[in-house]
Amino acid sequence: MQFENVEYKVKLGAKNPLTAAKVAFASHMRVDHGGSSCKHILKGIGGSVDPGEILALMGPSGSGKTTLLKILGGRLGGAVKGQITYNDTPYSPCLKRRMGFVTQDDVLFPQLTVEETLVFAAFLRLPARMSKQQKRDRVDAIIAELNLERCRHTKIGGAFVRGVSGGERKRTSIGYEILVDPSLLLLDEPTSGLDSTSASKLIVILQRLAKSTRRTIITTIHQPSSRMFHMFDKLLLISEGHAIYHGKARDCMHHFSSLGFTPEIPMNPAEFLLDLATGNLEDISVPGLLRDGSPAPQEFRSRVVAYLQAKYRDHAGDGGEGQAKQPARRPGEQLRLAIRMRKDRSINWFQQFVVLSRRTFRERAADYLDKMRLAQAVGVALLLGLLWWKSQTGNEAQLRDQVGLIFYICIFWTSSSLFGSVYVFPFEKLYLVKERKADMYRLSAYYASSTLCDAVPHVVYPVLFMAILYFMADLRRTVPCFCLTLLATLLIVFTSQVRTYLLFLFLSMPAVTSTANGDEMGVRSVIIRGRGSCWGRRS
Ligand SMILES: Nc1ncnc2c1ncn2[C@@H]1O[C@H](COP(=O)(O)OP(=O)(O)OP(=O)(O)O)[C@@H](O)[C@H]1O
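Where an unreviewed UniProt entry is consulted, the protein appears under the name ABC transporter domain-containing protein, with the organism given as Triticum aestivum. The annotation that UniProt attaches to the protein under Subcellular location (unreviewed entry) is "Membrane". If you open the UniProt record of the protein and go to Sequence similarities (unreviewed entry), you find "Belongs to the ABC transporter superfamily. ABCG family. Eye pigment precursor importer (TC 3.A.1.204) subfamily."

Listed below in structure tokens is the structure:
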């Protein structure tokens, strides 16, 4: 993979030119003539990485590592400039299936076990020509490869459900991505939140994945230990959106010492590099010219960073490793594979619907069969039944009394479904966006399966509720009357959910709009259509 002169800007969208100018001045941003401020995040970065290699993207926080990773993974559209080629071919959606992207936050269903997570992903992502047994065998191979044997039957877990450890969760996320045997695996800070031993073990696994199957791996990393640092083949060091080093990781110390920067005390190379990228050079010797005129600390830091950026540009201009190598013209084997994968369409709509329904039901079963939920429906039905025990409709006062009961039924089901749905939108959106980006299934298959699964509690509990209350309150005992009352209750449940989704849709509109892509718009349309769901989703 090669990339050259990658630039990325985001519009910050201040409508008032005066405000835009103030913001730009305060944060050293460029102001467009149109009056909206632009943040220049990446300023012409280049590099390359070959099959079987690991490229580490390093730099201080906010330097643009994640942005670059997303661009390389084809996950950022908009104002991206530069040339990015995958086996000499520009990005196209058919390459999507040959790339795995492991996000910083592991987006995995908390109620599924490690094995279930991988099995459902295998059924959805692997081609239809593979048998179920072959897909299961692939999952077993990945579990063995990633040392997940010990926790294969443990739930992933989340904030309220105890589950696997951070390292195991990260390895499950990696397994989820390597199921489809991607040629390019991108990872955003895979070691964040792990202790140094787990982090090194993870990098060892990545190294094995890269070498054994000639995968290309690109990972952002904050501050690796010395041991981890030496496991990377290549390094791209970024400072304020500019590259200041690109080349073999083991050569970087030599490169900087040739520029006059050497640590004065024994230092972890990663720490040394981050100090350089921020211009914070305590215990590091620097070329004398940078100290000319005894600059103030802030100015000195800016000088160092500008000097390193300029040296890197010179080095790249001299044909160093800075920019991408000239691409060869012959499309590679991996690309042919990518195109074949595209044609090798995964399972059909109905199969997707079946797998998604099984997964959704498995994931939400605990919510559907929640004791509290059962107790609530039965308890309120009994209470109302006792209060309106054998109610009559003989005169106007008794009729009004029964209207009061109908009112309570409406209020109860409206509020129950409303509060339950409050948790659905933010929770589900994450998974849906991630899986749609990986092109795992059609949106309609998700919508249909989700609606079908959620219909279970949305029908079962109101039926149970009405079965108790209707006869205790002695409402009119005819089959049509009972069915109509039940239907009205079910409609209340569904419409109150739709209202909640609409409310969320409008509340989250500005945030979603700023980063909206096709998938998120798709998510919105699902929500608008009012997918049914359960009450209190636990994560
Ligand atoms: N959509 C956006 N709008 C405005 N600023 C953005 C946007 N996306 C990224 N940025 C800014 O771009 C800069 C680079 O962000 P990025 O997430 O790539 O940094 P990073 O190097 O990965 O940082 P970290 O190591 O802390 O994750 C940050 O200052 C961030 O605030």
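J.: Tell me about the overall build of the protein, and please be specific about residues and values.
T.: The number of helices and strands found in the protein is 19 helices and 13 strands. Residue pairs in contact within the protein that sit at least 24 positions apart in sequence constitute 75% of those at least 6 positions apart. When the accessible area of the protein is evaluated, it comes to approximately 25,200 Å², of which 59% is carbon and sulfur surface.

J.: Help me get a handle on the sheet that holds strand β10 (residues 234-239), residues and values and all.
T.: Strands in a sheet are paired, the pairing made by backbone hydrogen bonds, and the direction either parallel or antiparallel. Taking strand neighbours across the sheet as the criterion, the 6 strands line up as β7-β8-β9-β4-β10-β11 in an open arrangement whose pairing is mixed. Sheet topology places β7 (99-102) and β11 (242-248) at the edges, where each strand pairs with a single neighbour. On average, adjacent strands in this sheet sit at an angle of 15° to one another, irrespective of strand direction. In the sheet, β7 pairs with strand β8 (residues 184-187) via 4 bridges, with the strands oriented parallel. When the bridges of β8 are listed, M99 appears paired with L184. Running at roughly 160° to β7, helix α5 (residues 166-178) makes contact with β7 and β8 of the sheet.

J.: Got a sec to walk through the UniProt feature "transmembrane region" (unreviewed entry) in the protein? Specific residues and values, please.
T.: Feature annotation in UniProt places "transmembrane region" (unreviewed entry) on residues 374-391, 403-425, 445-471 and 483-507, given in this structure's numbering. Secondary structure within residues 374-391 divides into 78% helix and 0% strand; the distance between the first and last C-alpha atoms comes to 25 Å. Helix makes up 100% of residues 445-471 and strand 0%, with an end-to-end C-alpha separation of 39 Å.

J.: I'd love a proper account of the site of the ligand, names of residues and values included.
T.: Within the structure, the ligand sits among 14 residues, and S61, G62, K65, T66 and T67 are positioned closest to it. A distance of 3.1 Å is found between an oxygen atom of the ligand and a side-chain nitrogen or oxygen belonging to K39. Residue H222 places a side-chain N or O atom 3.0 Å away from an oxygen atom belonging to the ligand. Among the elements of the structure, β3 (37-48) and α2 (65-72) are those that each provide at least two residues to the shell around the ligand. Per-class residue counts for the shell around the ligand are 4 nonpolar, 7 polar and 3 charged.

J.: Lay out the pairing of β11 with the relevant residues and their values.
T.: In terms of burial, β11 is a largely internal element, 6 of the 7 residues being buried. Hairpin connection between β10 and β11: a loop of 2 residues separates the two successive antiparallel strands, and E240 in this loop has a positive phi of roughly 50°.

Procedures and definitions
Residues numbered from 1 in each chain as written. Predicted model: local features only at pLDDT ≥ 70, side-chain atom pairs only at ≥ 80, totals over all residues. Heavy atoms only, no water. UniProt positions renumbered as here; feature names shortened; annotations may be inferred. Helix = DSSP H or I, 4+ residues; strand = E, 2+ residues; numbered from the N terminus. Contact = heavy atoms within 4.5 Å. Areas by Shrake-Rupley, 256 points an atom, 1.4 Å probe, with all protein chains shown as cover. Pairing = 2+ DSSP bridges. Axes fitted to C-alpha atoms, helices over the stretch in contact; angles between N-to-C directions. Near = heavy atom within 4 Å. Polar contact = N/O pair within 3.5 Å; in protein donor to acceptor, adjacent residues only side chain to side chain. Nonpolar A, V, L, I, M, F, W, Y, C, P; charged D, E, K, R; others polar. Buried < 20%, exposed > 50% of the residue type's maximum accessible area, 1.4 Å probe, protein only.

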